[in-house]
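A structural walkthrough
Given next are the chains, with one letter for each unit.
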Amino acid sequence: MKALHEWFHHNIWNLLRIILLVLLSIFFLFPFYWMLTTSLKKPEDIFKMPPQLITWPITFKHYYEAWHMQDMTRFLLNTLKIAFFNVTLGVFSSAIVAYGFARIRFKGRNVLFLVVLATMILPGEVLIIPQYLEFNYLGWLNTHLPLIVPAAFGNPFYIFLIRQYLKGIPHELDESALIDGCTRWQILMRILMPLLVPVLTTCAIFQFMASWNDYMPPLMYLSTRDKWTLSLGIAALNSEKLYSSVNWGHRMAMATLFSAAPLLVFFVAQNQLIGGIAITGLKG
């Protein structure tokens, strides 16, 4: 009887946890489901009351029409170009800076590292006007340079993650390599970089999602349509007719496609992402 009571007590709590997780999943996934179903509805069914939770018949005409209303192919190529350079430059430069903080001893190292971390406290809105004036002085407005070049100077959050990971790698590897005649650059590139793959993958995923979803900087710096990114192209759908006459089928169709890339990246690399964050948190 006692064993039966313990079994029931154990399984009832598991059942309650499963129910709670299912309810939370439905709560968080419902907006995406509503966006997807709206993109597949006929225009007359989008605002039908009561709302249709299950769409039938479905139509894909919103995807075709919205893609050709704006030059979405050009916007996609621009977005991929910016994301590629941001990921490459941002992660690589952050790894170099993190290596210096983790492996090279110099006076004021800890103070300088705190200064780097302190830059994360500044809200992005504080930097909008100074950066705009600087890029205007350099003649970079309406180019992709303001969206790419800052990534070459590293990201403080990525620097922190990579430094913490490096602190968990034995210094004996560096010492042995120095004895064998390796330079600091060779140690980083040939010995440590392969060991940093989990945390570098984590930083790359974060950087890709940030670049893909970026809206405010492209809105500020890009004025001609041939330079626009996907986020600006989607925001401009039907803008000539004002927001009161927006075709929500077109908006939801492009928003669904726009959301697909980050979701695909996350599902493909989720093991590396979760493992990289977990391992980084354990490094002392």
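See the structure above.
As the structure is a prediction and not an experimental result, all values here were calculated from the model.

Procedures and definitions
Residues numbered from 1 in each chain as written. Predicted model: local features only at pLDDT ≥ 70, side-chain atom pairs only at ≥ 80, totals over all residues. Heavy atoms only, no water. Helix = DSSP H or I, 4+ residues; strand = E, 2+ residues; numbered from the N terminus. Axes fitted to C-alpha atoms, helices over the stretch in contact; angles between N-to-C directions. Parallel < 35°, antiparallel > 145°, perpendicular 65-115°, else oblique. Contact = heavy atoms within 4.5 Å. Nonpolar A, V, L, I, M, F, W, Y, C, P; charged D, E, K, R; others polar. 1 Å grid on protein atoms, 1.4 Å probe; cavity = no way out; pocket = protein on both sides within 12 Å on 5 of 7 lines; lining within 4 Å. Points joined across faces, edges and corners; volume = space filled by probe spheres on them. Phe/Tyr/Trp six-rings, centres within 6.5 Å; stacked < 30°, edge-to-face > 60°. Buried < 20%, exposed > 50% of the residue type's maximum accessible area, 1.4 Å probe, protein only. Lys NZ or Arg CZ within 6 Å of the ring centre and 35° of its normal.

Although it is not a glycine, asparagine 142 adopts a positive phi angle of roughly 65°. Mapped onto the elements of the fold, asparagine 142 is located in the loop between α5 (124–138) and α6 (145–148).

Okay, the packing of helix α7 (residues 156–167) against helix α10 (residues 197–213) next. Direction vectors running N to C along α7 and α10 enclose 170°, while the axes themselves pass 10 Å from each other. One way to sum up the angle between α7 and α10 is to call them roughly antiparallel. Residue-level contacts link Phe157, Tyr158, Leu161, Ile162 and Tyr165 of α7 to Pro198, Val199, Leu200, Cys203, Phe206 and Gln207 of α10. For the contact of α7 with α10, a count of residues per class yields 10 nonpolar, 1 polar and no charged.

There is about 1,300 Å³ of room inside the largest pocket. Taken together, 39 residues form the lining of the largest pocket, with Leu127, Gln131, Pro150, Asn155 and Pro217 sitting closest to its centre. Broken down by element, the residue count for the lining of the largest pocket peaks at 8 residues, all from α5. Each residue belonging to the lining of the largest pocket can be placed in one class, and the counts come to 24 nonpolar, 12 polar and 3 charged. Looking at the second largest pocket, its volume works out to about 200 Å³. What lines the second largest pocket is a set of 14 residues, among which Ala102, Arg103, Ile104, Arg105 and His171 lie closest to the centre. Elements supplying a minimum of two residues to the lining of the second largest pocket: α3 (72–103), α4 (109–118), α7 and α8 (172–179). Its residues assigned to classes, the lining of the second largest pocket comprises 4 nonpolar, 2 polar and 8 charged.

Applying the stated criterion across every chain yields a total of 16 aromatic pairs. Where tryptophan 212 meets phenylalanine 258, the ring centres are 5.5 Å apart and the plane angle is 25°; that geometry is what we call stacked. In this pair, tryptophan 212 is assigned in helix α10 and phenylalanine 258 in helix α13 (residues 248–282), connecting sequence segments 46 residues apart. Considered together, tryptophan 212 and phenylalanine 258 belong to a single accessibility category, that of buried residues. Here a set of aromatic residues connected by ring pairs shows up, and it is made of Tyr132, Phe135, Trp140 and Tyr221. Taking NZ or CZ as reference, lysine 41 lies 4.2 Å from the ring centre of tryptophan 34, over its face.

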